[in-house]
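This is what each chain is made of:
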Amino acid sequence: MDSRLPKPSGIKRPTTLTKNILPMDRIKTATLGFGSKTASVSMCGMDILPPLARDLTNLPNSFRRERAGSPDIHRSSVTTGANRTKLRRSRSACDIRDIRAMKRPDISIAPIPAKTMRLVNSGVSNNAPASSFGTNSTVSKPPRIGNVVASSTAAVKKQLTRNPIVTKVGSSTSLRSGTANTATTTVRKGTSSTATSISTTGAGKTINKRIPPYDYKARFNDLSEKHQVLKAKYEEKCEQMSSLEGLPEQLEESQDQLFKTKEELKTVNIERDCLNQQVKSLNLKIDSLSAALVKTKEELTKLTENYKIVKEAHDIFHNEVQDLRAQTSYLTDENNILKEDLTACKEQLFRANMERKELHNTIMDLRGNIRVFCRVRPPLDFEQDKMLCGWNYLDESTVEIQSFDNRNKCVAHTFSFDHVFHPNSKQEDIFEMVSPLIQSALDGYNICIFAYGQTGSGKTFTMDGIPTNVGVIPRTVDLLFDSIKNYKRLGWEYEIRVTFLEIYNEVLYDLLSNEQKDMEIRMAKHNKNDIYVSNITQESVTSASRLRELMSMAKMNRATASTAGNERSSRSHAVTKIELIGTHAEKNETSLGTINLVDLAGSESPKTSTRMNETKNINRSFLSLPMLFWRYYRNRIISHTGIQS
Ligand SMILES: Nc1ncnc2c1ncn2[C@@H]1O[C@H](COP(=O)(O)OP(=O)(O)OP(=O)(O)O)[C@@H](O)[C@H]1O
């Protein structure tokens, strides 16, 4: 009979649950939980299966790291080969010898307790508590590792403190442990005397029965019973192991999931930090925008108030504008009426001006186209002590000159003039007499004003004057431009051109140019009564100041010298010619008038002359002057009467 228990087969060595992927704390926990039988037992609910679990739990670590599901091997390892050898020896020679020596006692084999049988048949429930040991429960799902380890460790410790290793033989708390311990004790005892079978009755009373060594059948039954129990436990452990085999994979998956979750958690934390930063910056923006909004509201309030004020002003202005528009409309109508009236007035004025022009020139003709005025200058400072000829101012047109003949007899000569100006006459009085001629020039007539007399008689003073008391020419310029302004209102536009000619020793000079030129006096082709000077500088002037400027320039270029009667005597004839070209665009009228202002050189007696040639030329020119006037009168008489002689 083979007493050796069948070696369990198909038991897989539990795989090492600690993998590299586990962190160190997990590795420790896993090693503690899965690498030890304590944890294995605890996981299977052995904390509530005290006897055998306690035994297994209290095994040394080195031993507990052995195969989890082979309690037989454990026991064989614990008892080592000594007990087994003892058993074999007891079953062999010693036992036989003992059997021979012993009497066969009456042995009543204790029946297998019913509770034990139920356990054998029903198996061991891993997760079931001790109170529900007989229920059929299987391990279908391993508990969570952490919880299992914690609970198992705690349960084992608790169990260890509550239930010491040395169990009370015959205790009814656990049939399996009681059976195992009893078997061990029986073997030990059996080596010296007989085997002992411990059984429990249905009432819970422990029944110790000794199995004589020779009672192989009883021992066999006993061992079979133990074998069944252990086999059931073995199968139970196998099932537990098979269920636990999937735990590493689950653990790995859980770890992967955990790492993924951690990575996601990190990402979420980073995103959360970013969002927090964004929230902070947005809060700052909100604060600044809120402040700006408050300012804007204040400004808006001010602007609204200003808008109300401006709107009120606008309404007032709008009403005023409406009134003004009405007035403008009324005034526009009035203006149109006035325009029509103005046009009619202008027409009447133009016609009246033309009539005035005719009347004016008729008066000029009646007064005489050639008028001669006489001006007696006062004696100069150096003449106060000199013997001067006497004169009498008979009336405003007659003067009597007294002189002595060869017999020193006083002779009186009476001269008649258009007007005689006594020495107290002013420059304004002289100009008042000649100014109507300026009007004639603007009306398109040619006029000539010249001063004639002996040297030092006051010709230049009368024509040019002095800066503090200007003469005829400057006053003519002022009157000319004032009249042009007035004529502009009547629709006349005038262009003024001036030339300055000097005749010195019968030679022509351009007083506006210092160049040597060939200048001649020529008659106009279209009008034989009109003459012009060739190659002379002609300037267009638009202002009186410019004309005066040109006059001063010409005066500077004029030849002067000292004579017996005048320290600065003009030794040439100076002719200032002013052309007035008037146009009336509306009436398509034009007018061309000329003003010739002549300051003749002073005649001088050959007796007192120091420059005889110059004096001859001057006096010769004066001889032509009566001839000139004679020709003029003859032409006018012929034109009026047709009589040639
Ligand atoms: N009416 C006057 N009242 C005061 N001073 C006068 C008057 N007429 C001329 N004189 C003075 O007499 C002097 C000579 O006059 P002015 O030069 O005009 O003579 P003139 O006839 O031009 O001589 P000439 O022919 O030699 O140039 C000047 O000093 C001038 O100031």
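The structure presented is a predicted model; accordingly, all values stated were derived computationally and were not measured.

About the criteria used
- Residues numbered from 1 in each chain as written.
- Predicted model: local features only at pLDDT ≥ 70, side-chain atom pairs only at ≥ 80, totals over all residues.
- Heavy atoms only, no water.
- Helix = DSSP H or I, 4+ residues; strand = E, 2+ residues; numbered from the N terminus.
- Buried < 20%, exposed > 50% of the residue type's maximum accessible area, 1.4 Å probe, protein only.
- Contact = heavy atoms within 4.5 Å.
- Expected span 1.5 Å × (residues − 1).
- Patch = residues over 30% accessible without salt bridge, like charges linked within 9 Å, V, L, I, M, F, W, Y side chains within 5 Å.
- Areas by Shrake-Rupley, 256 points an atom, 1.4 Å probe, with all protein chains shown as cover.
- Salt bridge = Lys/Arg side-chain N within 4 Å of Asp/Glu carboxyl O.
- Core = buried A, V, L, I, M, F, W, Y, C linked by side-chain atoms within 4.5 Å.
- Pairing = 2+ DSSP bridges.

Undergrad: Help me understand the overall build of the protein chain, please; the structure alone is not making it clear to me.
TA: In terms of regular secondary structure, the protein chain is built from 15 helices and 19 strands. Across the 645 residues that make up the protein chain, the buried fraction comes to 35%. In the protein chain, of all internal contacts separated by at least 6 residues, the share reaching a separation of at least 24 is 62%.

Undergrad: How should the side chain of His360 be read in this particular structure?
TA: Here His360 is to be found in helix α10 (residues 216–367). Apart from the residues within four sequence positions on either side, His360 is in contact with Pro436, Gln439, Ser440 and Asp443.

Undergrad: How should I be thinking about α10 in this particular structure?
TA: Residues that lie three or four places apart on an α-helix share one face, since the helix turns once every 3.6 residues. If you check α10, its first and last C-alpha atoms are just 196 Å apart, much less than what 152 residues at 1.5 Å a residue would give, namely 226 Å. The positive-phi residue at the C-terminal boundary of α10 is Gly368, with phi of around 120 degrees.

Undergrad: Would you mind going over a nonpolar patch on the surface with me for this structure?
TA: A surface patch of nonpolar side chains, amounting to about 300 Å² of accessible area, comprises Ile521, Met523 and Ile531. We classify Ile531 as partly exposed; its relative accessible area is 45%.

Undergrad: Please explain the nonpolar core as it appears in this structure.
TA: Residues Leu480, Ile496, Ile578, Leu580 and Ile595 are the most contacted members of the largest nonpolar core, which totals 38 residues. Counting only elements with at least two residues in this core, the list comes to α10, α11 (427–442), β8 (446–451), α13 (472–489), β11 (492–504), α14 (544–557), β18 (573–584) and β19 (589–599). Ignoring any residue separated from it by four or fewer positions in sequence, one finds Leu580 in contact with Ala441, Leu442, Leu480, Tyr494, Glu495, Ile496, Ser591, Leu592, Gly593 and Ile595. Residues Leu501, Ile536, Ala601 and Ile618 belong to the second largest nonpolar core, which totals 10 residues.

Undergrad: How should the pairing of strand β6 (residues 410–416) be read in this particular structure?
TA: Note on strand geometry: in a regular strand, side chains alternate between the two faces of the sheet. Bridge count for strand β5 (residues 398–404) against β6 is 7 bridges, and the pairing is antiparallel. Of the residues in β6, the one forming a bridge with Phe404 is Cys410.

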